[in-house]
Amino acid sequence: MAEKECKKNEYGYLIHQAMAKGKKEGTATFGWCQTGEDFAEISDEKLYEKLRDSFREFRVEIHSTTLQISAGSGEKADIPDPAETTGDAVISLPRGDDREWEDYSDEERAGWFADLSFAGFDRPVFVPIFHVVSLAAGDDSGARIFYTDTGKQKTTRGSCLILYVIDGAKPDESEIDIAVHSGAYGEYEKNGWFVALDYGSGRCYRAKTGFEWYHISNDDDFRFSAADFTGDGQREWMVKARYNKWYEAEVFRLDEKTGEMVQLFTTWEKEDGGDLISLSLADDYKVVMKCEEIGYSQTVSMLDAGYSLEQLQWDNGRTEKRTSTLQPMRLWKDGKLVRSEVDPDTVFMSTVDKVQTEKDGKKPAKLKLTHRVHVGHRSAGVGTMYLYYQYDEEKDALVLSQVEFELDSGKKDWFD
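Cut-offs applied
- Residues numbered from 1 in each chain as written.
- Predicted model: local features only at pLDDT ≥ 70, side-chain atom pairs only at ≥ 80, totals over all residues.
- Heavy atoms only, no water.
- Helix = DSSP H or I, 4+ residues; strand = E, 2+ residues; numbered from the N terminus.
- Buried < 20%, exposed > 50% of the residue type's maximum accessible area, 1.4 Å probe, protein only.
- Contact = heavy atoms within 4.5 Å.
- Areas by Shrake-Rupley, 256 points an atom, 1.4 Å probe, with all protein chains shown as cover.
- Phe/Tyr/Trp six-rings, centres within 6.5 Å; stacked < 30°, edge-to-face > 60°.
- Lys NZ or Arg CZ within 6 Å of the ring centre and 35° of its normal.
- Pairing = 2+ DSSP bridges.
- pLDDT = per-residue confidence, 0-100.
- Axes fitted to C-alpha atoms, helices over the stretch in contact; angles between N-to-C directions.
- Core = buried A, V, L, I, M, F, W, Y, C linked by side-chain atoms within 4.5 Å.

### Quick word on the overall build of the protein chain
Part 1 of the argument: The number of helices and strands found in the protein chain is six helices and 27 strands.
Part 2 of the argument: Every one of the 416 residues in the protein chain was classed for burial, and the buried ones make up 48%.
Part 3 of the argument: Taking the contacts inside the protein chain whose residues are at least 6 apart along the sequence as the reference set, 57% of them involve residues at least 24 apart.
Part 4 of the argument: Roughly 21,000 Å² of accessible area belongs to the protein chain as shown, and the carbon and sulfur atoms make up 44% of that amount.

### Some details on the packing of aromatic side chains
Part 1 of the argument: Tallied over the entire structure, the rule returns 25 aromatic pairs.
Part 2 of the argument: Consider the rings of Phe113 and Phe126, whose centres lie 5.3 Å apart with planes at 45°: the pair is tilted. Taken together, the residues Phe113 in strand E7 (residues 113-114) and Phe126 in strand E8 (residues 125-133) connect sequence positions 13 residues apart. The exposure classification of Phe113 matches that of Phe126, with both residues buried.
Part 3 of the argument: Here the aromatic rings of Tyr164 and Phe222 are separated by 5.3 Å at their centres, their planes lie at 45°, and the arrangement is tilted. Note that Tyr164 is positioned in strand E11 (residues 160-166) and Phe222 in strand E14 (residues 222-227), a separation of 58 residues in sequence. You'll find Tyr164 and Phe222 in the same group, each marked buried.
Part 4 of the argument: Among the aromatic residues, ring-to-ring pairing joins Tyr164, Tyr185, Phe194, Phe211, Tyr214, Phe222, Phe224, Trp237, Tyr243, Phe252 and Trp268 into one connected group.
Part 5 of the argument: Lying across the ring of Tyr247, Lys240 places its NZ or CZ 5.7 Å from the centre.
Part 6 of the argument: Above the ring of Tyr307, the side-chain terminus of Lys412 is found at 4.7 Å from the ring centroid.

### A few points about the pairing of strand E9 (residues 145-149)
Part 1 of the argument: In terms of burial, E9 is a largely internal element, four of the five residues being buried.
Part 2 of the argument: By the bridge criterion, two bridges tie strand E5 (residues 67-72) to E9 in an arrangement that is parallel. What sits directly across from Leu67, in E9, is Ile145.
Part 3 of the argument: Relative to strand E10 (residues 154-158), E9 runs antiparallel, the two being bridged by five bridges. Considered in E10, the bridge of Phe146 is made with Arg157.

### Structural notes on the confidence of the model for the protein chain
In regions of low pLDDT, the predicted coordinates are not meant to be interpreted in detail.
Part 1 of the argument: Residue-level pLDDT values for the protein chain average 80, and 76% of them are 70 or greater.
Part 2 of the argument: Note that pLDDT drops below 50 for residues 1-64; the model gives that stretch 117 contacts with residues more than four away or on any other chain.

### Notes on the sheet that holds E7
Part 1 of the argument: Strand order in the open sheet formed by five strands is E7-E8-E11-E12-E13, and the pairing between neighbours is antiparallel. Strands with a single pairing partner mark the edges of an open sheet, and in this sheet they are E7 and strand E13 (203-208).
Part 2 of the argument: Pairing of E7 with E8 involves two bridges; the strand directions are antiparallel. Following the sheet pairing, Ala114 is matched in E8 by Val125.

### Quick word on the sheet that holds strand E19 (residues 286-291)
Part 1 of the argument: Across the sheet, which stays open at both edges, the three strands sit in the order E18-E19-E20 with antiparallel pairing between neighbours. Looking at which strands have only one partner, the edges of the open sheet turn out to be strand E18 (278-282) and strand E20 (296-301). Each adjacent strand pair in this sheet contributes to an overall mean axis angle of 20°, direction not counted.
Part 2 of the argument: As paired strands, E19 and E20 are joined by six bridges and run antiparallel to one another. Across the sheet, residue Met289 finds its bridge partner in E20, namely Gln298.

### A short note on unusual backbone geometry
Both trends apply: most residues other than glycine have a negative phi, and most peptide bonds are in trans.
Part 1 of the argument: The phi angle at Tyr285 is positive, at roughly 65°, despite the residue not being glycine.
Part 2 of the argument: Under the relative-accessibility criterion, Tyr285 is labelled buried at 8%.
Part 3 of the argument: Its identity as a non-glycine residue notwithstanding, Asp396 has a phi of 50°, on the positive side.
Part 4 of the argument: Relative to the helices and strands, Asp396 is located in the loop between strand E26 (377-392) and strand E27 (397-407).

### Describing the pairing of E26
Part 1 of the argument: In terms of strand pairing, strand E25 (residues 366-375) meets E26 through nine bridges, oriented antiparallel. Each bridged residue has a counterpart across the sheet, and for Leu367 the counterpart in E26 is Tyr389.
Part 2 of the argument: From the end of E25 to the start of E26, which pair antiparallel, there are one residue, and Gly376 there has a positive phi angle of about 80°.
Part 3 of the argument: As paired elements, E26 and E27 share 10 bridges and run antiparallel to each other. Looking across to E27, one finds that Asp392 is bridged to Ala397.
Part 4 of the argument: Between the antiparallel neighbours E26 and E27 lie four residues, among them Asp396 with a positive phi of about 50°.

### Looking at the nonpolar core
Part 1 of the argument: If you look at the biggest cluster of nonpolar residues, it comprises 44 residues, and the most contacted ones within it are Met302, Leu367 and Met385.
Part 2 of the argument: Among all residues touching Met385, those that are not within four sequence positions of it are Ile277, Met289, Tyr296, Met349, Leu369, Thr370, His371, Val373, Val403, Glu404 and Phe405.
Part 3 of the argument: Counting residues in each nonpolar core, the second largest holds 32 residues, with Ala184, Phe194, Ala241 and Met261 among its members.

Structural data, given as structure tokens:
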């Protein structure tokens, strides 16, 4: 990075020179104007004109290495090795359009496969999804990668390119066959990977993932973000995707010392996303929720959740009605639980309904998962459970640290 302290009369020349270079060479060369804590990106002529007269003294930084992502349906995957990228470069990546996979030509299909041998893959891998993240704490003035999504009219900048790749797939395979390689449809071992390319440090990382891929237009289903979960001043990155009616999520950190991508959290190995929570029913229309690992215990009443006594009553004459009209909460007789009607799955948590990052000032971020609690069927809700995960240094993982429960309110009229 080249730095120069300059006065107002030098400002226009330095920034204009950087912009002209970017236009001429087809690369993304940017500069920043700084005064105190304020940072402004100088990336176009209008912004330059606006800021030119705003500062009397400032510092201009022009990065010596910048990478611009060129993405589109006509692009062929061409991804440079971070360890060998010392100057300006272009990263080429394909993106899907309105066509189905079988409508792509053989040449276009081959363009979705990239040589990532520098990341440890011994054959070209399928690259359907990518994202740019900034993992440095504070401002992202150290950004090296710039991607402008023309469709969304948005520019993303960061230091790290995250790729979702599928190993073992071939260009001449059908879309379903490629999906099977990712673990979709449960036929083969999952062979999806996340690859992180840090062009600031020249390092690359990879780790296997539980995420599955189904369709060439799947890229918008994967949502990426970054937050400092460990409290070390560097941000970790998170990915989530919606499958049918639920979310899956994973959190990773990049270990510069070992060169490993460490998985801090995943929902893929958890049954219904909450395998640590014990749920049961009791007499007097009660739902009991416990988590022994963190000392959580709470008991709530179905009556307080909006059900009437009549809606909860069971007798032989109502058994058929209970099953045929989806009234699965008719499990008590005069306040006594009919235990012959209850099995371990009668009261359950839904899969993950929402994935969020909770931040509290300068404290490490927490991961927040939202679930619904149901009795017998998803239509018979009791309330919403929030599970909070925070970083445990000894386990090097995000672990459950807090549980909150919000009881439903209002009558359940649809069961009358």
